[in-house]
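Architecture at a glance
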Amino acid sequence: MSDETLEAALQAAERDAEAALRSLAAVTKEAKRVKAAAVHGNVRDLQQALDAAARLADQAGDAVRDLRDGWRFDAGGWFASGDYTKELLASAAETGVQAFESDQRILSYPVIVQISPADTSVLIDRKKERRVRPSVVVKQLAALQQRPPNFKPEAFIETLAAAYDLAVAAKGARRGAPVKLVDTYGVLTLLPGAAREYTKPEFARDLYLLDQSGIVQTKDGRRMSLPASALTRGSGVLTTVTRGGQTKVYAGIAFEEPPS
């Protein structure tokens, strides 16, 4: 790994910290000898321990200064330039963790990772994580991929159906007619700031999770379909990445009325 990566810089800082800890531990050991000699009145051992503690303290001071001066990595610039995103994706690929960049986010089924250059942190499904060492983040993503998604398809399809009804009414379309998913998303995010709280990539991810769940029927018996053939030729499609890394496109949605 290049010495210019965040992972390499942190590895170097870790090594320097281990050296400083060893030096400080040696000082502590001699200080304990001083204390023991003083407790028992062993003047000869006391002087030897004092001299050794002073010498080792100087060495420890040098090790701590090396530790401080050794960290020169521009983490803020690394994040802002997009290099952190590239490094994180490369680290994921090296360890066999599925992660793909899409719409300025990293999709790692079943979570979405957002890089925050402003405070050099990452958000994993909106949860801020300040432990940003690439190998640590990738390990966390690997663990999350082994767990079932924290997603309730039955509740989500009911929410979709309600938003679909409003989108149909707004367009004056007949019930059961397909509408664009971006219009349904617009209904879901009508309130000010709602689109920031629930982004299109998150909506597309949830559609994929619903699609994978096999749940297609609402409580009132309506059956959901996600038509795409005609609607994908227009604008406003939604894309996400599947668990295996393939691009998945969603365009329309319809809820057919149950047979009377």
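Above this text you will find the structure in question.
The structure presented is a predicted model; accordingly, all values stated were derived computationally and were not measured.

1. Things to note about the packing of helix α4 (residues 83–94) against helix α5 (residues 134–145)
Between α4 and α5, the shortest axis-to-axis distance is 9 Å and the interhelical angle comes to 55°. Taken together, the axes of α4 and α5 lie oblique to each other. Two packed elements cross with a definite hand, and for α4 against α5 that hand is right-handed. Residues Tyr 84, Glu 87, Leu 88, Ser 91 and Ala 92 of α4 lie in contact with α5, whose contacting residues are Pro 134, Ser 135, Val 137 and Val 138.

2. Examining α4
The terminal C-alpha atoms of α4 lie 16 Å apart, and with 12 residues this matches the ideal 16 Å at 1.5 Å per residue to within 8%. Among all positions in α4, only Tyr 84, Thr 85, Glu 87, Leu 88, Leu 89, Ser 91 and Ala 92 are buried.

3. Remarks on the packing of aromatic side chains
In this structure the tally under the stated criterion is 10 aromatic pairs. Summarising the aromatic geometry, the rings of Tyr 185 and Tyr 198 are spaced 6.4 Å apart at their centres and angled 40° between planes, so their arrangement reads as tilted. Remark: Tyr 198 occurs in the loop between α8 (194–197) and α9 (200–213) and Tyr 185 occurs in helix α7 (residues 181–188); sequence separation between them is 13 residues. Members of the aromatic cluster, each reached through a chain of ring pairs, are Phe 151, Phe 156, Tyr 185, Tyr 198 and Phe 203.

4. Description of the sheet that holds strand β7 (residues 223–225)
Ordered in space as β6-β10-β7, the three strands form an open sheet in which the pairing is antiparallel. Edge positions in the sheet fall to β6 (179–180) and β7, since each has one partner strand and no second. Pairing between β7 and strand β10 (residues 252–256): three bridges, direction antiparallel. Residue pairing across strands places Ser 225 opposite Ala 254, the latter belonging to β10. Contacts between helix α6 (residues 153–171) and the sheet are confined to β6, β7 and β10, with β10 contributing the most and set at about 95° to the helix.

5. Considerations on the environment of Asn 42
Turning to its location among the elements, Asn 42 is positioned in the loop between α1 (6–40) and α2 (43–70). Its relative accessible area of 33% is what places Asn 42 among the partly exposed residues. Along the primary structure Asn 42 and Gly 214 are separated by 172 residues, whereas in three dimensions their C-alpha atoms are 80 Å apart. Within polar-contact distance, the side chain of Asn 42 engages the side chain of Asp 45 at 2.9 Å.

6. What about the nonpolar core?
Within the largest apolar cluster, 27 residues are counted, with the highest numbers of intra-cluster contacts made by Leu 160, Phe 203, Leu 207, Leu 238, Ile 253 and Phe 255. For this core, the secondary-structure elements that each account for two or more residues are α6, α7, α9 and β10. When residues of this core are assigned to their parent elements, the largest contribution, eight residues, is made by α6. Filtering out sequence-adjacent residues up to four positions away, Phe 255 remains in contact with Ile 157, Leu 160, Ala 161, Tyr 164, Gly 176, Thr 218, Arg 222, Arg 223 and Met 224.

7. Remarks on the pattern of salt bridges
Going through the model one piece at a time under the given rule, you end up with 19 salt bridges. Ionic pairing is found between Glu 7 and Arg 133, a salt bridge with its closest N-O pair at 2.9 Å. Of this pair, Glu 7 sits in helix α1 while Arg 133 is found in the loop between β5 (127–129) and α5, placing the two residues 126 residues apart along the sequence. Judged by its relative accessible area of 21%, Arg 133 falls in the partly exposed class.

Definitions and limits used
- Residues numbered from 1 in each chain as written.
- Predicted model: local features only at pLDDT ≥ 70, side-chain atom pairs only at ≥ 80, totals over all residues.
- Heavy atoms only, no water.
- Axes fitted to C-alpha atoms, helices over the stretch in contact; angles between N-to-C directions.
- Helix = DSSP H or I, 4+ residues; strand = E, 2+ residues; numbered from the N terminus.
- Parallel < 35°, antiparallel > 145°, perpendicular 65-115°, else oblique.
- Left-handed = near helix turned anticlockwise from the far one by under 90°.
- Contact = heavy atoms within 4.5 Å.
- Expected span 1.5 Å × (residues − 1).
- Buried < 20%, exposed > 50% of the residue type's maximum accessible area, 1.4 Å probe, protein only.
- Phe/Tyr/Trp six-rings, centres within 6.5 Å; stacked < 30°, edge-to-face > 60°.
- Pairing = 2+ DSSP bridges.
- Polar contact = N/O pair within 3.5 Å; in protein donor to acceptor, adjacent residues only side chain to side chain.
- Core = buried A, V, L, I, M, F, W, Y, C linked by side-chain atoms within 4.5 Å.
- Salt bridge = Lys/Arg side-chain N within 4 Å of Asp/Glu carboxyl O.

Function cannot be inferred from these measures alone, as they are strictly geometric.
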